[in-house]
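Examining the three-dimensional arrangement
Take a look at the letters that make up each chain.
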Amino acid sequence: MTKKHSTYQHLVKLLLISEGIWWLLVLICCVVLPFGRWGVKLLHPEMLLLWIIIPILGVLTWLQWNWKSKIYQQYSGYGTTRMLWVKFEPVKAFLHYFLLRSTYFFIVLAMAQPVAGSRKVNGSKRVLDLVICLDISNSMNTKDMGGGQVSRLTAAKQAIGELMNQLKGERIAVVVFANDAYTQLPLTMDYGAAKLFIPDIETSMITDQGTNIGRALELAREQFKDTESGKAVLVITDGEDHENLWKKQLTELKKQHIELVYLGLGSAKGGLIPNNPYDVSEGYKRENGQAVVSRLDKKSLERMAAASGSILVVSNSAFPNIYNIAANYKNTKNKQVMKVEFNVDKNYFYIPAILALFCMICYFFLPILIKPEKR
């Protein structure tokens, strides 16, 4: 056995011993030191699974050393000329491996993001409370949406669902109304719960029929009590308000800086109002022996929107485009900027990152720090 081959065997032993000591120290640190009591934790502990590459790196290094030992053994008697392309510097070889794997070790640890304790951070956010007033009078059962295939109420519920998909962080409430009104869903940020309530809304929920938008706006204003958020109301209706009680609510809405938006659903042609939306065989609503045709009351909607300086969107689609309404709520001036204070974890990822950088620098400057052997 040549001296060179023997030296490589010592390198392999040194690699195994160093790895054993390293991982033993890691195990001791994890088991013995009271990290939990100190509040130390990892935000992404799953990243530590990347350490599995370190043994692979060790095996590849061993294969390289084994290959070099055979080369030295094969050409050991041919002088130095043929050995120039395979330099043998055992100390440098081991340090190359040790620094490279240490760099990788600390990079993975930094990616796991060790944190300990917390600190208070001051910030601000723009907040908005939105109350959706949904008309559930019998005229909303008229199927004149999407070419007469879908009822206004169904289209309204689909519009609300799409609106919730586009909102981000706003609290929402749902008020249903006909001639009377009540709160179907109080203000909440739980859009998932809201989406469970919306499909169950039917016109049969209120027996006192009619279209009293004023009562809906009054109940919507009550949702904004004890709140410092921005305020907005979306009224979804076919516009057939026979009471005109909404006028006296406009003054109160302006006093409270409540933004009002209307979504009118229905067609100019209109359609018949079914006695039973689930069974058309029961006939349609009649007055004086004539079937009642319900049409979108666009003029009333325009008058209401003009009186309050509100946005009006009219649609006869089965899937109303509420993009402009959602964009308006995202950019509305009524959003309030609230100062908030919250705690964030103190992240110490930079400590292993600095150690990784130090190991990398040493790795690149190793040829300068360790002079090659003279032959």
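Because the structure is a prediction, the values reported are computed rather than measured.

**Some points on the overall build of the protein**
Along the protein, the regular secondary structure elements total 12 helices and 12 strands. Put simply, the protein has 375 residues, and 42% of those count as buried.

**A word on the nonpolar core**
When a protein is soluble and globular, its nonpolar side chains tend to lie buried together. Within the largest apolar cluster, 38 residues are counted, with the highest numbers of intra-cluster contacts made by Leu130, Leu134, Leu163, Leu234, Ile236, Leu263 and Tyr329. Broken down by secondary-structure element, the contributors of at least two residues to this core are strand S2 (114-135), helix H5 (152-166), strand S3 (171-177), helix H6 (191-197), strand S5 (230-237), strand S6 (258-265) and helix H10 (323-331). With seven residues, H5 is the largest single contributor of residues to this core. Formed by 25 residues, the second largest nonpolar core is a distinct cluster that contains Cys133, Phe177, Leu217 and Leu260.

**Notes on H5**
For H5, spanning 15 residues, the distance from its first C-alpha to its last is 21 Å, which sits close to the expected 21 Å at 1.5 Å a residue. For H5, a buried count of 11 out of 15 residues is recorded, marking the element as mostly surrounded by other parts of the structure. Where H5 is concerned, the buried positions are Arg152, Leu153, Ala155, Ala156, Lys157, Ala159, Ile160, Gly161, Leu163, Met164 and Gln166.

**Observations concerning the side chain of Gln184**
With respect to the element layout, Gln184 can be found in strand S4 (residues 181-188). Taking the relative accessible area as the measure of exposure, Gln184 reaches 14% and is therefore buried.

**A short note on the packing of aromatic side chains**
Overall, the coordinates contain 11 aromatic pairs when judged by the stated rule. An angle of 70° between the planes, with centres 5.7 Å apart, marks the rings of Trp23 and Phe105 as edge-to-face. In this pair, Trp23 sits in helix H1 (residues 3-31) while Phe105 sits in helix H4 (residues 90-112), placing the two residues 82 residues apart along the sequence. A relative accessible area of 28% means that Trp23 is categorised as partly exposed. For Phe105, a relative accessible area of 5% translates into the label buried. Summarising the aromatic geometry, the rings of Phe349 and Tyr350 are spaced 6.3 Å apart at their centres and angled 80° between planes, so their arrangement reads as edge-to-face. Site record: aromatic cluster; members linked through ring pairs are Trp22, Trp23, Trp51, Phe94, Phe98, Phe105 and Phe106.

**Here's the deal with the environment of Gly169**
Mapped onto the elements, Gly169 comes out in the loop between H5 and S3. Exposure remark for Gly169: the relative accessible area of 43% places this residue in the partly exposed category. Considering only alpha carbons, one finds Gly169 and Thr188, 19 residues apart in sequence, at a separation of 9.9 Å.

**Quick notes on the pattern of salt bridges**
This structure, assessed with the given rule, holds eight salt bridges. When the shortest N-O distance is used, the salt bridge between Asp144 and Arg152 registers 2.9 Å. Neither Asp144 nor Arg152 differs from the other in exposure class; each is buried. Taken together, the shared-partner salt bridges connect Asp144, Arg152 and Asp238 into one network.

**With respect to the environment of Glu46**
Of note, Glu46 is situated in the loop between strand S1 (40-42) and helix H3 (53-75). Overall, Glu46 belongs to the partly exposed group, its relative accessible area being 45%. Put simply, Glu46 and Ala112 are 66 residues apart on the chain and 7.3 Å apart in space, counted from C-alpha to C-alpha.

**Details of the state of the cysteines**
Taken as a whole and judged by the stated rule, the model has zero disulfides. Unpaired in this structure, Cys359 has its nearest cysteine sulfur neighbour in Cys362, at a distance of 6.6 Å. A residue is classified by how much of its surface remains accessible, and Cys359, at 9% relative accessible area, is buried.

What counts, and at which threshold
Residues numbered from 1 in each chain as written. Predicted model: local features only at pLDDT ≥ 70, side-chain atom pairs only at ≥ 80, totals over all residues. Heavy atoms only, no water. Helix = DSSP H or I, 4+ residues; strand = E, 2+ residues; numbered from the N terminus. Buried < 20%, exposed > 50% of the residue type's maximum accessible area, 1.4 Å probe, protein only. Core = buried A, V, L, I, M, F, W, Y, C linked by side-chain atoms within 4.5 Å. Expected span 1.5 Å × (residues − 1). Phe/Tyr/Trp six-rings, centres within 6.5 Å; stacked < 30°, edge-to-face > 60°. Salt bridge = Lys/Arg side-chain N within 4 Å of Asp/Glu carboxyl O. Disulfide = S-S within 2.5 Å.

Everything listed here is a matter of geometry and, on its own, says nothing about what the molecule does.
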